[in-house]
Amino acid sequence: MKLLSLLTLIATALVSQAELKVATLNPLLADLARHVGGPQVEVVDLLGPNGDPHTFQPSPSKLASAKGAKIYLASGKDLEPALPKLKSILAGKAIIVEVGRDIPSLRISGSSAVYACCPKHSVGALDPHWWQSIENWRRASSIVEKEFSKADPANAATYKENSKKYRKELSDLKSWSKKQISTIPRNQRNLATAHAAFGYFCKEFGFKSIPIQGLNKEQSASPQYVAEAIEVIKKNHVKALFPEKGANTKSLQTISKATGAKIAGPLYADSANSIIGMFQYNIETIVKYLR
């Protein structure tokens, strides 16, 4: 009980030190905000663990927890259906920063070197999953640092230093990731996943993406596309199919039976609590099943 009381006091003290309140629509953005903001920033994550940013709509109680926030961090790239309503609610009260807006976009295309076969159910669509690239997180860190500095100029030097430190951690993570991936034979660098969430990852690390579903988990693949994916998986001797944390594996099980590719460990696609932790886990899992 004494320990719990002490932890409560510490948490209260840290919040009281905060000079800027920030709300996020994704736990990964909350993680970034804490790294850049440090104790100067109080962060409220509206989505929470295991949420789906493709469908999330913040409840009145969630919005109440973010009362007083000057900045709302969103992924952008047409990911969050709640954004138009949120912009209306917050007009004149807070700014919404779509972090992905100034990050280079990837469009799904059959002629793209990123895809082993074209996900026809999403062809031409803007891929919103920019957070599956470490380099994009380095860009995002700079974007968030600038927004925090504008909202709280007194702590601008601190935000700049925090961002610099975190970008260095991300650079180290990218170097580690490349070293791990180098142990996978080049002809085995095919990433077959439940939905089209890993295009940015594949582009950054030299994989071919084979997504079974579309850009979100509710977008099912047609029998024709599943048949095409099966042929590509057979042709490229794909060893493993990667489901996602908390998602239904039915479509992958069907393909596994047709191709002999095993069902691998699940990957974090849309939501995780730690940016660095997500990449470490995903890469270790991919290497384990494809090496």
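Details of the structure are given in the entry above.
This section reports on the structure supplied with the text. These numbers were taken from a predicted model, which means no experiment stands behind them.

**Some words on the overall build of the protein chain**
Reasoning step 1: In terms of helices and strands, the protein chain carries 10 helices and 10 strands.
Reasoning step 2: The buried share of the protein chain, taken over its 291 residues, is 51%.
Reasoning step 3: Considering only intrachain contacts with a sequence separation of at least 6, the fraction spanning at least 24 residues in the protein chain is 65%.
Reasoning step 4: When the accessible surface of the protein chain is split by element, carbon and sulfur atoms take 54% of a total near 13600 Å².

**Notes on the packing of helix H6 (residues 156-181) against helix H10 (residues 275-290)**
Reasoning step 1: In contact at an axis separation of 10 Å, H6 and H10 are set at 5° when each is read in the N-to-C sense. Looking at the two axes, H6 sits roughly parallel to H10. Each of Tyr-166, Glu-169, Leu-170, Leu-173, Trp-176, Ser-177, Gln-180 and Ile-181 in H6 lies in contact with H10, whose residues at this interface are Ile-275, Ile-276, Phe-279, Gln-280, Ile-283, Glu-284 and Val-287.
Reasoning step 2: Split by residue class, the contact of H6 with H10 holds 10 nonpolar, 3 polar and 2 charged.

**Thoughts on helix H9 (residues 250-259)**
Reasoning step 1: Here H9 has its buried residues at Leu-252, Ile-255 and Ser-256. Across the axial projection of H9, the buried residues extend over an arc of 105°, all falling on one side. H9 presents Lys-250 and Lys-257 as exposed residues on the side facing more than 90 degrees away from its buried surface.
Reasoning step 2: Residues of H9 that are buried make contact with strand E7 (190-193), helix H8 (223-235), strand E9 (240-242) and strand E10 (262-263).
Reasoning step 3: Count one or two residues on from H9 and you reach Gly-260, which has phi positive near 85°.

**A word on the packing of aromatic side chains**
Reasoning step 1: The tally for this structure, following the rule as stated, stands at 7 aromatic pairs.
Reasoning step 2: Ring centres of Trp-130 and Trp-137 lie 4.9 Å apart, and the angle between their planes is 55°; on these two criteria the pair is classed as tilted.
Reasoning step 3: Exposure remark for Trp-130: the relative accessible area of 0% places this residue in the buried category.
Reasoning step 4: The exposure class assigned to Trp-137 is buried, which follows from its relative accessible area of 1%.
Reasoning step 5: For the pair Phe-201 and Phe-205, a centre-to-centre distance of 5.0 Å together with 50° between the ring planes defines the contact as tilted. Taken together, the residues Phe-201 and Phe-205, both in helix H7 (residues 199-205) and 4 residues apart, mark about one turn of the helix. The pair formed by Phe-201 and Phe-205 is uniform in burial state, with each residue classed as buried.
Reasoning step 6: Within the aromatic cluster, the residues linked to one another by ring pairs are Trp-130, Trp-131 and Trp-137.

**With respect to the nonpolar core**
Reasoning step 1: If you look at the biggest cluster of nonpolar residues, it comprises 57 residues, and the most contacted ones within it are Leu-73, Trp-130, Trp-137, Phe-148, Phe-201, Phe-207 and Ile-286.
Reasoning step 2: Among the elements that make up this core, the one with the highest residue count is H10 (8 residues).

**Details of the sheet that holds E7**
Reasoning step 1: Sheet architecture is open: 4 strands sit in the order E8-E7-E9-E10, paired in parallel fashion. Every interior strand has two partners, whereas the edge strands, strand E8 (208-211) and E10, have only one.
Reasoning step 2: Two elements, E7 and E9, share 2 bridges in a ladder whose sense is parallel. If you follow Ala-192 over to E9, its bridge partner there is Leu-241.

**Some words on the environment of Tyr-281**
Reasoning step 1: With respect to the helices and strands, Tyr-281 occurs in helix H10.
Reasoning step 2: Apart from residues lying up to four places away in sequence, Tyr-281 is in contact with Lys-245, Pro-266, Leu-267 and Tyr-268.
Reasoning step 3: Polar contacts involving the side chain of Tyr-281 include one to the main-chain carbonyl oxygen of Pro-266, which spans 2.7 Å.

**Some words on the pattern of salt bridges**
Reasoning step 1: A complete count under the given rule lists 7 salt bridges for this structure.
Reasoning step 2: Here Asp-172 makes a salt bridge to Lys-168, at a shortest N to O gap of 2.9 Å. Of this pair, Asp-172 and Lys-168 both sit in helix H6, 4 residues apart, roughly one helical turn.
Reasoning step 3: Among the salt bridges present, the one from Lys-174 reaches Glu-204, with a minimum N-O distance of 4.0 Å. Here Lys-174 is found in helix H6, whereas its partner Glu-204 is found in helix H7, with 30 residues between them in sequence.

Each value, and the rule that gives it
Residues numbered from 1 in each chain as written. Predicted model: local features only at pLDDT ≥ 70, side-chain atom pairs only at ≥ 80, totals over all residues. Heavy atoms only, no water. Helix = DSSP H or I, 4+ residues; strand = E, 2+ residues; numbered from the N terminus. Buried < 20%, exposed > 50% of the residue type's maximum accessible area, 1.4 Å probe, protein only. Contact = heavy atoms within 4.5 Å. Areas by Shrake-Rupley, 256 points an atom, 1.4 Å probe, with all protein chains shown as cover. Axes fitted to C-alpha atoms, helices over the stretch in contact; angles between N-to-C directions. Parallel < 35°, antiparallel > 145°, perpendicular 65-115°, else oblique. Nonpolar A, V, L, I, M, F, W, Y, C, P; charged D, E, K, R; others polar. Arc of directions from axis to C-beta. Phe/Tyr/Trp six-rings, centres within 6.5 Å; stacked < 30°, edge-to-face > 60°. Core = buried A, V, L, I, M, F, W, Y, C linked by side-chain atoms within 4.5 Å. Pairing = 2+ DSSP bridges. Polar contact = N/O pair within 3.5 Å; in protein donor to acceptor, adjacent residues only side chain to side chain. Salt bridge = Lys/Arg side-chain N within 4 Å of Asp/Glu carboxyl O.

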